[in-house]
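These are the residues of each chain, in order.
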2 protein chains.
Amino acid sequence: MASIRLAIVGLGKIARDQHLGAIEATDGIELVAVASRHAKLENIHCFHDIADLLAADVDIDAVSLCTPPQGRFEQARAALEAGKHVMLEKPPGATLSEVFALEALAREKGLSLYATWHSRAAAAVEPARALLAERTIRSLSVEWKEDVRHWHPGQAWIWEPGGLGVFDPGINALSIVTRIMPEKFHLVRSDLTFPANRAAPIAASLAFETGSGLPLTAEFDWRQTGPQTWDIRVETEEGQIVLTHGGSRLFVDGQPQIVEEDKEYRNLYRDFVALVAEGRSDTDFSPLMHVADAFMLGRRIQTDAFED
Amino acid sequence: MASIRLAIVGLGKIARDQHLGAIEATDGIELVAVASRHAKLENIHCFHDIADLLAADVDIDAVSLCTPPQGRFEQARAALEAGKHVMLEKPPGATLSEVFALEALAREKGLSLYATWHSRAAAAVEPARALLAERTIRSLSVEWKEDVRHWHPGQAWIWEPGGLGVFDPGINALSIVTRIMPEKFHLVRSDLTFPANRAAPIAASLAFETGSGLPLTAEFDWRQTGPQTWDIRVETEEGQIVLTHGGSRLFVDGQPQIVEEDKEYRNLYRDFVALVAEGRSDTDFSPLMHVADAFMLGRRIQTDAFED
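It should be emphasised that the depicted structure is a prediction, and the values quoted were computed from it without experimental measurement. (Residues numbered from 1 in each chain as written. Chains lettered and ligands numbered in written order. Predicted model: local features only at pLDDT ≥ 70, side-chain atom pairs only at ≥ 80, totals over all residues. Heavy atoms only, no water.)

This paragraph deals with the packing of helix α3 (residues 72-81) of chain A against helix α4 (residues 96-109) of chain A. Residue and element names in this part refer to chain A. Where α3 meets α4, the axes come as close as 10 Å, and the angle between the chain directions of the two elements is 5°. Our classification of the angle between α3 and α4 gives roughly parallel. Residues Phe 73, Ala 76, Arg 77, Leu 80 and Glu 81 of α3 form the contact with α4, whose participating residues are Glu 98, Ala 101, Leu 102, Leu 105, Ala 106 and Lys 109. Of the residues that constitute the contact of α3 with α4, the class distribution is seven nonpolar, no polar and four charged. (Axes fitted to C-alpha atoms, helices over the stretch in contact; angles between N-to-C directions. Helix = DSSP H or I, 4+ residues; strand = E, 2+ residues; numbered from the N terminus. Parallel < 35°, antiparallel > 145°, perpendicular 65-115°, else oblique. Contact = heavy atoms within 4.5 Å. Nonpolar A, V, L, I, M, F, W, Y, C, P; charged D, E, K, R; others polar.)

Here it is, written out as structure tokens:
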């Protein structure tokens, strides 16, 4: 079948660092247009925004949204109403209500909606999932600690309502845990640390339980300088399973495992091509639901003002 | 068919003020047991907690949970695992993840789960819903302002994480709006006012939009002394529709309408009897989802400490 003719909306850091190369490397999909307020690409149709893109005489089949989550609903809705398949960067939206509305609209229109979680596509995730399906789990703990000044310099939107603060990286960990855990879980305690001058938290300490009562914990912190930590440890009756480096490396009972080369975004576009071909959607919003629960159930702790 | 043999778990203010009388007045259901740490009823089997209840030699078909939302998941799960139908007071749980897990468990077990919203069963709600289905809506505004010292004296749990603060009454308004609005909507702005010494907000100012862009607003406040306000106003091209007194009175184009006597909890138990008879569940969690969204998207404003 013909390649999916794709438009990217939002040509910021994530689009340039990840999406453009991944699309280039993926069979069955090609970039034909871009909508961006500030940036242009050579040899590609360029538009100011999605309204201009959809009104123009350029044939596209699908739209990949790489804009910040606040305001992504309007773009996704416009694309679906115009009959385009839609791929969403994480998080899929600023609210749960809007992403469930998009899911319903895509179903009604017979279009594919793909709520991506790039960390779920990391190399160690599926091997870990397969191992855990065979083992008896005792507990799981997440440590996700990084330096926001390094990773998000001057990104003001991330500190605004809807930007999620430390949950912007933390939701990556949750997207892995919801994938590898054989059993569903829910939040039982949430301590959120907010800088005095910011709307979003800079740290979060969470405790979850599975339906059968297994304990899970997660520590997210944006104040870590020096070595960065993106680790998930699972204690099982048969030994320890550890994912490090954001899900790209795997250790089983202390032994490093050989996993495939990391290609998160290529996996996402490969999956999107398959979803469109099969007329399916992939809309697991559970990571965002856990984040919403963490805010709703959160105990707020105020800390020093944060300046970039 | 035989009456549903019901047990109530949690014999606090809401159970005594509303549930006991409504069960007594409803055909097809009878109270046979109670689980409560502190209270007993005469001529009814009394247990300390749900574990004792389920372990005992008392035949029950269903459980109605009237305990605070924090901790209700364990009780509901135990009841479903024991093969009992479950009715949940509002809000249905402390997190969205847990209530969706309960929904899945009830489906798996072939049992009825009823997530009740008592304000939805108020007398003016269904007439308003029918009217709005025929009209062209321009906007909707909620004003839900009451005196927390009068309505929740000394109820510490309501200020704790999971107690929801001013969203405990506010979710009643949202349960009505989600029922009467023909179109779904999502949050676009949330300002939350927290007392310096409390984990839950004392006031909230919210703005929503429907998929097609109609504006909805909601003002929740727990600091209102004097007359109390539980009003929903809908501006339509054909005139104004107003629900007052928490959904029990209806005004159409300024004219008061005659609605049936208010019997919220009797309607809930009537519906529960019907759900069990038909082997169905009613699990619309959208009011709780809007509240979670309001916390996640909320801008926090700190105000004076609140003392009971």
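Having put the structure on the table, let's press on.
What follows is about the pairing of strand β10 (residues 215-221) of chain A. Residues and elements named next belong to chain A. Pairing of strand β7 (residues 137-145) with β10, which is carried by six bridges, proceeds in the parallel orientation. Bridging across to β10, Ser 141 finds its partner in Thr 217. One ladder, built from seven bridges, connects strand β9 (residues 203-210) with β10; its direction is antiparallel. When the bridges of β10 are listed, Leu 206 appears paired with Ala 218. Taken together, β9 and the strand that follows it, β10, pair antiparallel across an intervening segment of four residues, in which Gly 213 is found at a positive phi of about 100°. (Pairing = 2+ DSSP bridges.)

Right, let's talk about the domain arrangement of chain A for a bit. All names here are of chain A. Assigned domains within chain A: domain 1 (4-115) and domain 2 (122-261 + 292-303). Relative to domain 2, the C-alpha centre of domain 1 lies at a distance of 27 Å. Taken together, the contact pairs seven residues of domain 1 with eleven residues of domain 2. Of the roughly 660 Å² buried between domain 1 and domain 2 on both sides combined, carbon and sulfur atoms contribute 63%. Seen at the junction of domain 1 and domain 2, the total is one salt bridge. In this structure, the salt-bridge partner of Lys 90 is Asp 168, at a minimum N-O distance of 3.6 Å. (Domains from an automatic or database assignment. Buried area = accessible area lost by both parts, 1.4 Å probe. Salt bridge = Lys/Arg side-chain N within 4 Å of Asp/Glu carboxyl O.)

Below, the discussion takes up the sheet that holds strand β10 (residues 215-221) of chain B. All names here are of chain B. With mixed pairing, nine strands are arranged side by side in an open sheet as β14-β13-β12-β11-β7-β10-β9-β8-β15. Edge strands, defined here as strands with exactly one partner in the open sheet, are β14 (255-256) and β15 (299-303). Looking at chain direction, strand β11 (residues 229-236) and strand β12 (residues 239-244) are connected through five bridges and run antiparallel. Of the residues in β12, the one forming a bridge with Glu 235 is Gln 240. Helix α9 (residues 286-296) rests against β8 (185-195) and β9 (203-210) of the sheet, and its axis sits at about 60° to β8.

A separate point is the interface of chain B and chain A. Residue-level contacts link 37 residues of chain B with 37 residues of chain A. For the pairing of chain B and chain A, the buried interface totals around 3000 Å² over both sides, and the portion due to carbon and sulfur atoms is 59%. Looking at the side of chain B that touches chain A, the elements that each hand over two or more residues are α3 (72-81), α4 (96-109), β8, α9 and β15 of chain B. A per-element tally of the side of chain B that touches chain A places α9 of chain B first, with eight residues. For the side of chain B that touches chain A, a count of residues per class yields 19 nonpolar, nine polar and nine charged.

With that settled, consider the pattern of salt bridges. Under the criterion given, the structure shown has 38 salt bridges over all chains. One network of salt bridges, with partners in common, ties together Arg 5, Asp 59 and Asp 61 of chain A.

To go from the first copy of the chain to the second, apply a rotation about an axis and then a shift along the same axis. Rotating chain B by 180° and translating it 0.0 Å along the rotation axis places it on chain A, where the RMSD comes to 0.0 Å. These values place the two chain copies in the arrangement generated by a two-fold rotation axis. (Least-squares fit on C-alpha atoms with pLDDT ≥ 70 in both.)

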